[in-house]
Amino acid sequence: MATIELTEVAKRFGKTTAVDGVTASIGNGEFFVILGPSGAGKTTTLKSIAGLVDVDGGSVRIGGVDMTLAEPYHRNVAMAFESYALYPQKTVSENLASPLRSGRTGTYSRQEQEERIRQVTTTLGIEHLLRRFPRELSNGQRQRVALGRVLVRPADVYLLDEPLSHLDAKLRAEMRAELRQLGAVSDTTTVYVTHDYQEALSLGDRIAVMRDGRFVHVGTPEEVWHRPADTFVARSLGQPEMNLVDAVVGAGRISFGRAGATVPTPAGLRAEPGRPVRLGLRPCDLHVDTDDADAGIPATITQIERLGRDVELAVDVGGVELIVLASARRGLAEGDRVALTVAATDVHVFEAGDGDTPRLEQAGRTEEESR
Ligand code: ATP
């Protein structure tokens, strides 16, 4: 276990700035997730910690020791890549055992080796594959064995780069649940890269949302979900994405659309009446009421996409389109007039403007509200 201190870490490749001044303090034993779109600089940040790229600026400290210029070998970090590095001529069992037999990890009794391999193979669901060769495995199985090869070896830090990307949705969800339970992972400082927001929310003690080489918001899953620092962070979490609409602050309500639809103002919003803002409403936080169409924001359903248990609705509110998630059991149809309601605690307010804009200052939610 070790802390990781990243201070203004920067890395350029020619004219491309991959990492642009990343600063973060990762605690002992923390599970820290980096979430961001393709090209944001996630892998390069991991490689900077591992020492697999030479940084152009800033420093990397591991366990309180400046490792900025240290060779990867001296950092005692274990890194799993999205692509799987396995010895083709060795069985799965031999592939898993080899990191424990290399001199630098110390000596392990046969019993300790077997126990670590047993834990990792059970967690990853690969016990039945031990006698196979890599060529006899599916991509998803190979990826799990490669992850096993990393986790079987004790290290100060695990760096995991999209280690579940080749698994189908069901297996990914199972692995997510199992991974955090694995003793090695829960005891070891882990930095985990993903572009899957659900994975980030379910795995991370904290999440760093990354854009254009920078961490734009670092916080607990509750913080980044309930109080996203800007519209980019808000859009990065949730599917379908948060609705963002131009609106105006009024007395106690915020209005939008031609027909003057309103939503309640979140507690503690520091914005004077008349101020233009961008209103953020998650599709899952908008509730559809058909019985009493006067009880909320009047809306007309223009399109319905069936997603199984849920339906994704496009609704028109005075010329503004909103996306809403509703239960498929409601039997909603295109052309239906409905009323939408939203709790004040689920209303997000950002500065007006084009591109990504910051959240307007708002009092924090109480713990009770967040539950
Ligand atoms: P992905 O999710 O697609 O893996 P990422 O967030 O991990 O993306 P990086 O792989 O860190 O992003 O890449 C960040 C930027 O740096 C990209 O624009 C990429 O093209 C560039 N880059 C990364 N490695 C190199 C390299 N070895 N040479 C040149 N450019 C590179």
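Residues numbered from 1 in each chain as written. Predicted model: local features only at pLDDT ≥ 70, side-chain atom pairs only at ≥ 80, totals over all residues. Heavy atoms only, no water.

Visitor: What should I look at first to understand the layout of surface pockets in this one?
Guide: A water-sized probe rolled over the atoms picks out the places where empty space is left. By volume, the second largest pocket amounts to about 230 Å³. Around the second largest pocket sit L35, G36, P37, H195, D196, Y197, F232, R235, S236, G238, Q239 and E241, which together line it. With three residues, the top contributor of residues to the lining of the second largest pocket is helix α9 (residues 231-236). In terms of residue class, the lining of the second largest pocket is made up of four nonpolar, five polar and three charged. (1 Å grid on protein atoms, 1.4 Å probe; cavity = no way out; pocket = protein on both sides within 12 Å on 5 of 7 lines; lining within 4 Å. Points joined across faces, edges and corners; volume = space filled by probe spheres on them. Helix = DSSP H or I, 4+ residues; strand = E, 2+ residues; numbered from the N terminus. Nonpolar A, V, L, I, M, F, W, Y, C, P; charged D, E, K, R; others polar.)

Visitor: Just to check I follow, could you spell out the pairing of strand β6 (residues 77-80) for this structure?
Guide: In regular strands, side chains alternate between the two faces of the sheet. Residue alternation in β6 divides its side chains into two sets, V77 and M79 and A78 and A80, and both sets are buried. Note: β6 against strand β7 (residues 157-161), four bridges, orientation parallel. Each residue of the ladder has a partner; that of A80, found in β7, is L160. (Buried < 20%, exposed > 50% of the residue type's maximum accessible area, 1.4 Å probe, protein only. Pairing = 2+ DSSP bridges.)

Visitor: Before we go on, may I ask you to explain the environment of S48 in this structure?
Guide: Relative to the helices and strands, S48 is located in helix α1 (residues 42-50). Taking the C-alpha atoms as reference points, S48 and G140, 92 residues apart in sequence, are found 27 Å from one another. Ignoring any residue separated from it by four or fewer positions in sequence, one finds S48 in contact with V9, V53, V55, V60 and R75. In terms of polar contacts, S48 uses its side chain to reach the backbone carbonyl oxygen of T44, at 2.7 Å. (Contact = heavy atoms within 4.5 Å. Polar contact = N/O pair within 3.5 Å; in protein donor to acceptor, adjacent residues only side chain to side chain.)

Visitor: How do you make sense of the packing of helix α3 (residues 110-124) against helix α4 (residues 139-151) when you look at a structure like this?
Guide: The interhelical angle for the contact between α3 and α4, taken along N-to-C directions, is 145°, at an axis separation of 10 Å. The hand of the α3/α4 crossing is right-handed. Here R116, V120 and L124 of α3 lie close against α4, whose contacting residues are R144, L147, G148 and L151. The residue inventory of the contact of α3 with α4, partitioned by class, reads four nonpolar, one polar and two charged. (Axes fitted to C-alpha atoms, helices over the stretch in contact; angles between N-to-C directions. Left-handed = near helix turned anticlockwise from the far one by under 90°.)

Visitor: Explain the packing of aromatic side chains here, please?
Guide: Centre-to-centre distance and the angle between the planes together describe a pair of aromatic rings. Throughout the structure, instances matching the rule amount to two aromatic pairs. Pairing F31 with Y192 gives two aromatic rings, centres 5.5 Å apart and planes at 40°, and the pair type is tilted. Here Y192 lies in strand β8 (residues 189-194) and F31 lies in strand β3 (residues 31-35), a separation of 161 residues in the sequence. Both residues of the pair, F31 and Y192, count as buried. (Phe/Tyr/Trp six-rings, centres within 6.5 Å; stacked < 30°, edge-to-face > 60°.)

Visitor: Even after reading the chapter, I still don't get the sheet that holds strand β1 (residues 4-13), so can you show me in this structure?
Guide: Two modes of strand pairing occur in sheets, parallel and antiparallel, and in both the strands are linked by backbone hydrogen bonds. Pairing is antiparallel in the open sheet, where four strands are placed in the order β2-β1-β4-β5. Both edges of this open sheet fall to β2 (16-26) and β5 (65-66), since each of them pairs with a single strand only.

Visitor: What am I meant to see in the site of the ligand here?
Guide: With respect to spatial proximity, the complete set of residues near the ligand consists of F13, T16, A18, P37, S38, G39, A40, G41, K42, T43 and T44. Taking S38, its side chain carries an N or O atom lying 2.6 Å from an oxygen atom of the ligand. Between the ligand and the protein, one listed contact pairs an oxygen atom with a backbone N or O atom of A40 at 3.1 Å. Protein chains shield 57% of the accessible area of the ligand, which is 630 Å² for the free molecule. (Near = heavy atom within 4 Å. Areas by Shrake-Rupley, 256 points an atom, 1.4 Å probe, with all protein chains shown as cover.)

Visitor: I keep staring at α4 and nothing clicks. Help me out?
Guide: Owing to its 3.6 residues per turn, the α-helix aligns residues three or four sequence positions apart on the same side. In a regular helix each residue adds 1.5 Å, so 13 residues correspond to 18 Å; α4 covers 18 Å between its end C-alpha atoms and thus fits that length. Of all 13 residues in α4, 11 are buried; the element is thus mostly enclosed. Of the residues making up α4, those classed as buried are G140, Q141, Q143, R144, V145, A146, L147, G148, R149, V150 and L151. (Expected span 1.5 Å × (residues − 1).)

Visitor: What am I meant to see in the side chain of R176 here?
Guide: Along the chain, the position of R176 falls in helix α5 (residues 169-181). Put simply, R176 is tucked away with no salt bridge, and the nearest opposite charge, on E199, sits 4.2 Å away. A distance of 3.1 Å separates polar atoms of two side chains, one belonging to R176 and the other to S202. (Lys, Arg positive; Asp, Glu negative; His and termini not counted. Salt bridge = Lys/Arg side-chain N within 4 Å of Asp/Glu carboxyl O.)

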